[in-house]
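# Residue-level structure breakdown
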Amino acid sequence: MNRNLSGLKQMALLVVVVGVIGAGCAGGSLTTREKGAGIGALGGAAVGGLVGSAVGHPGAGAAIGGGLGLGAGALVGDQLQGQENQNYRQDEQIRRNQAEIDRQRQETERLRRQQREY
């Protein structure tokens, strides 16, 4: 039983190390999806470790909690990133609309000045 527990602890540690190295080598800032996945994995591993400790298997609990937290965090992060993308598109449309309003206002002023000259 101890041998199995030790193997799970090593596996959990390996998953964390690979995740940290992968995130560090990704280059650039993390996306909202990646941040959510990381927070979920860490939170899930912590809670899973506590629950696993209560039943005598902290390594297994941390590994299972980390995996579940990773999935849940990635889903939440994906939803948040989708909302950010939608907000960005809406802001771009607002800027285009404002530019068109400004152009039309200038054209209207030009036509008024031109009409006064005749």
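Further up the page is the structure itself.
The rules behind these values
Residues numbered from 1 in each chain as written. Predicted model: local features only at pLDDT ≥ 70, side-chain atom pairs only at ≥ 80, totals over all residues. Heavy atoms only, no water. Salt bridge = Lys/Arg side-chain N within 4 Å of Asp/Glu carboxyl O. Helix = DSSP H or I, 4+ residues; strand = E, 2+ residues; numbered from the N terminus. Buried < 20%, exposed > 50% of the residue type's maximum accessible area, 1.4 Å probe, protein only. Contact = heavy atoms within 4.5 Å.

### Re the pattern of salt bridges
The full count for this structure, using the stated rule, is 6 salt bridges. Residue E92 pairs with R95 through a salt bridge whose shortest N-O separation is 2.5 Å. Taken as a pair, E92 and R95 lie in helix α3 (residues 58-117) at a separation of 3 residues, close to a single helical turn. On the accessibility criterion, E92 (24% relative accessible area) is partly exposed. With its nearest N and O atoms 2.7 Å apart, the salt bridge here joins E100 to R103. Of this pair, E100 and R103 both sit in helix α3, separated by 3 residues, roughly a single helical turn.

### Describing the side chain of Q81
Of note, Q81 is situated in helix α3. Using a relative accessible area of 14% as the deciding quantity, one classes Q81 as buried. When sequence neighbours within four positions are dropped, the list of residues in contact with Q81 reads T31, T32 and R33.

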